[in-house]
Each structure stands twice: as C-alpha cells, then as structure tokens.
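# Tertiary structure, described
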Amino acid sequence: MKNILGREVPDNIKGYGKVKHYGGYLKSKGTVVKRSIKLTNMLPGDEKLYDNLDLVLDKLPLKDGMVVSFHHHLRNGDFILNMVMEKIAARGYKDITIAASSIFPCHGELVELMEKKIVTNIYAGYISGPVADAISVGKLENPAVMHTHGGRARLMESGDLNVDIAFIAAPTSDDYGNINGVDGKSACGALGYAYTDAETADITVAITDNLVEYPNTTIDIPQTLIDYVVVVDAIGDPNGIVSGTTQITKDPIGLKIANMTTELIKNSGYFKDGMSFQTGAGGVSLAVAADMKAEMIEHNIKGSFASGGITGYIVDMYKEGLFKSLFDVQCFDLAAIKSAKENSGHMTMSASMYANANNKGSVVNKLDVVILGATEIDTDFNVNVTTTSNGTIMGGSGGHADTSAGAKLAIIVTQLANSRISAIKDRVTTLTTPGETVDVIVTERGIAINPKRVELIERLKETNLPIMTIEELKDIAEAMTGKPKAVEFTDEIVAIIEYRDGTVLDVVRKAK
Amino acid sequence: MLRRSMLFMPGNNPGMLQTAEVFGSDSVILDLEDAVSLGEKDAARILIKEALKTFDYGTTEVVIRINPFSTPYALEDIDVMARLKPNAILLPKATPEDMKKLDEMLAVIEKEEGFEVGSIRIHALVETTYGVETVYETLKMSNRIESVCLGGEDLAADLGVERTKDSEELFYARTKVVNACKASKIDAIDTPFTDTNDEAGLLADTIHAKKLGFTGKLSINPRQINTIHKIYSPTADEISWANRVMYAKDEAEKEGLGVFSLDGKMIDAPVITRAVNTLNTARVIGLIK
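Residues numbered from 1 in each chain as written. Chains lettered and ligands numbered in written order. Predicted model: local features only at pLDDT ≥ 70, side-chain atom pairs only at ≥ 80, totals over all residues. Heavy atoms only, no water.

Time to look at the overall build of chain A. For chain A, the helix and strand inventory stands at 15 helices and 28 strands. For 512 residues, the compact-globule formula gives about 24 Å, and the C-alpha radius of gyration of chain A, at 22 Å, lands near that figure. Dimensions along the principal axes, computed over C-alpha positions, put chain A at roughly 70 × 55 × 45 Å. Considering only intrachain contacts with a sequence separation of at least 6, the fraction spanning at least 24 residues in chain A is 72%. Surface accessibility of chain A: about 19,800 Å² in total, with carbon and sulfur atoms responsible for 50%. Distance from the positive charge centre (51 side chains) to the negative charge centre (64 side chains) of chain A: 4 Å. (Helix = DSSP H or I, 4+ residues; strand = E, 2+ residues; numbered from the N terminus. Rg over C-alpha atoms; globule rule 2.2 N^0.38 Å. Contact = heavy atoms within 4.5 Å. Areas by Shrake-Rupley, 256 points an atom, 1.4 Å probe, with all protein chains shown as cover. Lys, Arg positive; Asp, Glu negative; His and termini not counted. Charge placed at Lys NZ, Arg CZ, Asp CG, Glu CD.)

Rendered as structure tokens:
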C-alpha cells in the first residue's frame, strides 16, 4: 500500500513482520515503555578479566538466532566485529542478528557469513562497502533494517530489538569494566553509540587493548554495566579510526555552496547569541563551519552549543569562545579526541541523549541549525541518503532524520548535479528523511525553501540569495543533465527504512 | 557594466565551462592561450564553440582569450570565435599593430555575419615592455576597447626581474596603464594574484591596486572572487556617505544653491558624480534596493 509519503510499503514484510506505517514526524507523542534488563550480579570475589576471547565465548550463552551488537566508533579501522564473528561462526552458530551501529568497508568478511546464512539479519544506521553491495543484491536472508542513530537507541531501550550480547570495543578499560574512549593507542573519543549497547544488552563484553590499573580515572561507560573484560593485542587500526572526511573542500563549487549557506543562516533569524549548530563531516559541511566561524567572530555571536559528530573545526570554534559547549556523540578526528579528553565544555553524550525520540528529551530537540547532505531530494523535500540513484545502498540516515526532525532550520547542501545526474528528482529512489522536516536546499545555482516555511521565505526575500522553487531548481538541473531513465526494481525487499519512532518510511527493493 | 573581477577558465575543461558563471565573477575569460597546451588548441576551440552554443551565461560577460598573432592559431581562433558573437575578445601581448589587425578582422566578420559593427568588444592584455610603453597608442587603434588588463607574470619576465608579492617591479607599468585607461575613459584591470592559498596577500594586493586607480582585477581561481568584490564594492560607510551627499544636494537645490558643504567639506560636481556612481554600483550589486 502507499503510505502517506506516497511510498509503496507492504503491511507485512517477510523476515521483518507487521509494519507500523509512518504517520508524521510528531505522531509518536505518548507514553513508551523501556524494557527491563536482566543481569547476572557480581558479588565480592567475582572476577571479570580475561586475556583470551575464546575463554569468554565459552562462558557465554551463545545460541542460534541470537542478537549480537557492536558499535562503530573505530569506523573503518575496527577489528572487533570481524574478530568476534569469525569466532562465533567457527563455533557453528547460525541465524544470527547483527546490530551494528554502522558497517564499513573493513567489515567485508560479513558477506561470506551472510551467504552461508550464519548472519541472517542486520540492523544498522549506516552501511557502506561490500556488505552494502551484498545486501542490495539480496544476499542477506532477511531484509536489513536501517534505522537512525536515535532510532537504534529506541529499538534497544524499548526491547523492540533485544540484544543478547553486546561486544564493546573499549580503547581503555580497567579490570572491572570502567571504559573510556579517549585514552590508549586505539583512542576514538566519544563512545555515544557504545553507551546504548552497554545499557541495554543482556550481557556486555568489553574488549580492550589498553588495560589500566583500577580504577580508570576517566569513565565513559561504568563498571556497573559490564559483565566481562577481555584484553587483546589490538582492537583497531588507528589510521582507519580517524575518518578521512575532515578536510574542508577545496572545490570552488563546494565553497560557493558553503558561502551561500552561511549567508542564508545569517539572514534566517537564527543567527544570534545562544544559537546552537550542527554540521556533518563532509567537505562542504566543514566549509560551512569555517564560514560560520568567520561570521560569528565578525558579528560577535556567542552560541550555546555545537553538537553531533565533532571535528577539529568545531573544536576550534569552541576554543574561540563561539560556543559555550560541545555535545559529542562521536569524534571524527584526532583534534576532537584530544578536546574530548581535555576540555570540560566538550561533553560526550550517548546516542539516546543525542537523538532518541522516545526518552524525556534528546539534544536534537534543542538544535537550531543543522547542515546535512543528500544524494537525492525530491520536489516534496524528501531526502535520500541511503541509496544511489540506481538503488544500491551506500549509506544510511545516521543522524540525518533525527536532526532534521529536531532542528529549527534543517539545511541540505548539495551540488545541483553530480556526474551528470541531477540531485533533484520528482521522487527520491529511497526515502530516508521526510520532507516535512526539511527546510532548505542550497545548491550552487539556487536555493529552494520548503513552502511550509512561510516566515523563512519572507525573511530571505530581502537578501540577494537566488531563491527559487524546487521545481525551478529541478528544471535547471535537468536542462544540464536531461531526464534520467527510471531504474527498474523487482519486488524483493532487501532493506527497510525505519524512522526514529519505529514506523517504516520506505523499503529498498532489489534492482533488476 | 560592472567589471570588478574577470575570472580565467581553461577552454579545454568541460566541467569548468559548464560552471563558469556560477562563481559570480563579473566576467569570465574562456582561455585558448596559456591554459591550453599546444596539442589541445584545436580541441579547446571546438569545446568553447559548443559551450557558447549550449550554455546560457546570464549576465556574466563572456570574453575569449585568443592566441597572439605571433602564433599559428590566432587567425583560426578569431575566425571561429567571433562568429559566435562573444561579448569580447581578450587580445594577449597587446600592441598597437596587433590591435589594429584585430579590429579590422572583427569588422570584416561582423559584416559577413550581419552583426552590428563594433558589437564585439576587445580587452587589451598588456604584458610586454613594448606593450606598456605603447599602451596609449594601442587604445587609439580601436573603438571596441573596454579595458586594459595588466599581465604581470609575462611582464616581469620581459623586464628580466623576479615577480614578487609586493609587486614593486610592476609599479611603473601599473601607473602607466591606469593613466592611459583613465585618459581613454575605460576600465583598468590589474594582474592576477597567483598564490591561491594566500588570502591575506590577495587582499593586500587588491587594495594596493585599487589605490593606484585600477577598477577591477583578473582572477585565476574562483576562491578569489569574494575578496576582490569586497574591495571593489562600496562599503556601508561609503554608501551612507553617498546618500548623505545626495540628500544634502537635494536640500541645497531646494534653496537654489549650486555648491554646498557637507561635514565642513565643499561638495561640487566631481564629488556628486562620485556619490552617484557609488550608489549606482551599490544598486547593481544589490547592496541597496
């Protein structure tokens, strides 16, 4: 059936179950229940420390069909997911659900486990590399569930996704499971996603390559949440842990887009003392941060907080006094990791505090301006950051849908056309973020404002910005690129796009 | 027209030809000369021809830099490009002799194509010592000339000196070119600042040239456009002053006075002209409505 966004979503999906259809971004207001966690208590004399992962696995209640979870703070330098799954597979278990906050190219070994039906379900907020390609062509037994960062916290806190064992890569830990992410050779900074795993899984296993004397003096995840501590040689590759995306773009088109975006923010009514701001780690998003820094200094604007994944550029703004504090859910580079460790105003936050729609109020609710990217955007302002235009998974919402919902001004920055493909479509290939939460799109040739934002349109009329309708912007793009041929899909559903409240926005079908 | 910035775009790069006017420069120079290797000259000519036929550059002035007459490419460049009716041709290594030749060739092509004679304009790129010495003569050779652009890199080589950031070596050429341009009532466009990573240096160089009387600057990178425009656009203070001058003028006229003072200074015709120009420029840029 067609849901209210016009997307074809069945009422029931094999391998997923009954679908709760999207009803609107504020529709889920009400009472929610957190699941109760059963745990094995640790009494005086009990020990947690092991130097051998196999010894721990021997003790765990492993079974077919279990749900195991991992966090992605070690990004493309992660060793833990592969290490654990290799051992679990070797022990002959199958039909396993993996709940990984994100999956990267380094996790390519999972493809074989998918083909052998050892792994039959995947929950993730972002998937790229061989696993994404494999899911796109239907190699996973059941449809992958792609959620938002906040949605993962909701899934796990509510028990909609009951995690049996969480394997938590811990850059530093003491023998009792006090973990931090800022110390050690594999430091990754904030452990925002890992905190949720620790809090909600039945059994938690911390795996560390940096054991310190008890007690660890910086504690991101406390001992009360950890069942086992395992020491290994290396939990990840430091070169892969730091994202390769924390450089301002040098591309003049990207810089122009950043310029226009900053001009727009300045005139939006939100550019004032106390403002809060979030931007991504891509080249153009960072260029906006650089421009905003110059403008805030020039106009003497003191913001309240910057949030999100934190980069050195945001840290610089904090050090300049442009933001009173930082809310950090993950660190993208070494400068951010160092700041998380040293600066008291640089606060780490869990994924739930960041973006969960089903708690008593997450940080995204207090956000003024957010800068986001897009692969595609359609004339209803719906955004796709999950698939390419030919239907292959190459990303996922991450915090996209969460911040769009929460922010007073959600701005999408993108080149109008890339490799001769227009970014603006009649309908997005996959719907990741609903248009009712997206306010503006900025491209190098023009800016389109969501018609619902009447006051914003009024305010920006007085500027020299090239404001036009999104249809006009699409026409300009198509004049350059021509109208693309429609991609054809089979009926086979390979992934489900879940909104922050657990309703289903859209599905990804296998391309013909 | 407003000509604060003229941005060079290599003629053999389709991506850049497509996005040329996105960067907001007042003019774009599609280049057949220095940006294009010898083996690519004919391909670039074809590409620019197709670009001009396909893309709408809006209000941006489209200028084609042809190869100099000393090369085997110039005649074909002019023959192909002029028939596409660009806004202007940029003549490199400009001298009085070459300017006369170009002017005559354009007249012939305009008549053949049925264009209004004189409609294709010329920018003179002065970049040799001989070109600097004879710049005023060059300007007398054609009615099409919109500006003299200074080519500092080639000029420094011709002078046998090092090209430096403080550009002392260009002082004579700069002031001579500015003087000739003002005497001929045309634009004077300064040489590009070639270190694209040095924002402070670009700012200083642009301010310096403006002080000498240049009305705009050549640019080799889109990132430079904003800075150049900032310097060549009226500041808020200048606009406010111009408004006050016009107001005082209106008040004086009501009382039948031809000359009046503002802030203790006498305001006569040249000052009023400056105020009017400031407000016109501000209006065109969109600084005032």
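Ile-265, Phe-277 and Ile-411 of chain A together with Leu-30 of chain B are the most contacted members of the largest nonpolar core, which has 102 residues in total. Top contributing element to this core by residue count: helix H8 (residues 252-266) of chain A, with seven residues. Here Leu-30 of chain B is in contact with Met-9, Leu-17, Ile-48, Leu-52, Tyr-57, Val-62, Val-63, Ile-64 and Arg-65 of chain B, once residues within four sequence places are set aside. Ranked by size, the runner-up nonpolar core spans 82 residues in total, among them Ile-80, Val-84, Leu-110 and Val-111 of chain A. (Core = buried A, V, L, I, M, F, W, Y, C linked by side-chain atoms within 4.5 Å. Buried < 20%, exposed > 50% of the residue type's maximum accessible area, 1.4 Å probe, protein only.)

Once that is clear, we can look at the sheet that holds strand E18 (residues 376-378) of chain A. Residue and element names in this part refer to chain A. Taken together, the three strands give an open sheet; going across it, the order is E19-E18-E23, and neighbouring strands pair in mixed fashion. The strands lining the two open edges of the sheet, one partner per strand, are strand E19 (383-384) and strand E23 (424-425). Of the strand pairs in this sheet, E18 and E23 are connected by two bridges, and their pairing is parallel. The partner of Asp-378 across the bridge, within E23, is Lys-425. (Pairing = 2+ DSSP bridges.)

Right, let's talk about the interface of chain A and chain B for a bit. Contacts between chain A and chain B engage 12 residues on the former and 12 residues on the latter. It is Pro-252, Arg-445 and Asn-464 of chain A in chain A that bury the most area against chain B; as a group they hold 43% of the surface buried on that side. Taken together, chain A and chain B are joined by one salt bridge. As a salt-bridge pair, Glu-21 of chain B and Arg-445 of chain A come within 3.0 Å of each other at their nearest N and O atoms. One can count four residue pairs in polar contact (both at pLDDT 80 or more) joining chain A with chain B. Broken down by element, the side of chain A that touches chain B gets its largest block of residues, five residues, from H8 of chain A. Each residue belonging to the side of chain A that touches chain B can be placed in one class, and the counts come to four nonpolar, three polar and five charged. (Buried area = accessible area lost by both parts, 1.4 Å probe. Salt bridge = Lys/Arg side-chain N within 4 Å of Asp/Glu carboxyl O. Polar contact = N/O pair within 3.5 Å; in protein donor to acceptor, adjacent residues only side chain to side chain. Nonpolar A, V, L, I, M, F, W, Y, C, P; charged D, E, K, R; others polar.)

This part covers unusual backbone geometry. Look at the link from Tyr-214 of chain A to Pro-215 of chain A: it is a cis peptide, with omega at 0 degrees. Tracing the chain through its elements places Pro-215 of chain A in the loop between strand E11 (203-208) and strand E12 (228-231). In the Ramachandran plot, Asn-300 of chain A falls in the positive-phi region, its phi being about 55 degrees despite a non-glycine side chain. Within the secondary structure layout, Asn-300 of chain A lies in the loop between helix H9 (283-298) and strand E14 (303-310). Looking at Asn-300 of chain A, the relative accessible area reads 52%, which means it is exposed. One non-glycine residue, Lys-185 of chain B, lies in the positive phi region at around 60 degrees. Relative to the helices and strands, Lys-185 of chain B is located in the loop between helix H8 (171-183) and strand E7 (187-190). Of the residues examined, Lys-185 of chain B reaches a relative accessible area of 75% and is grouped as exposed.

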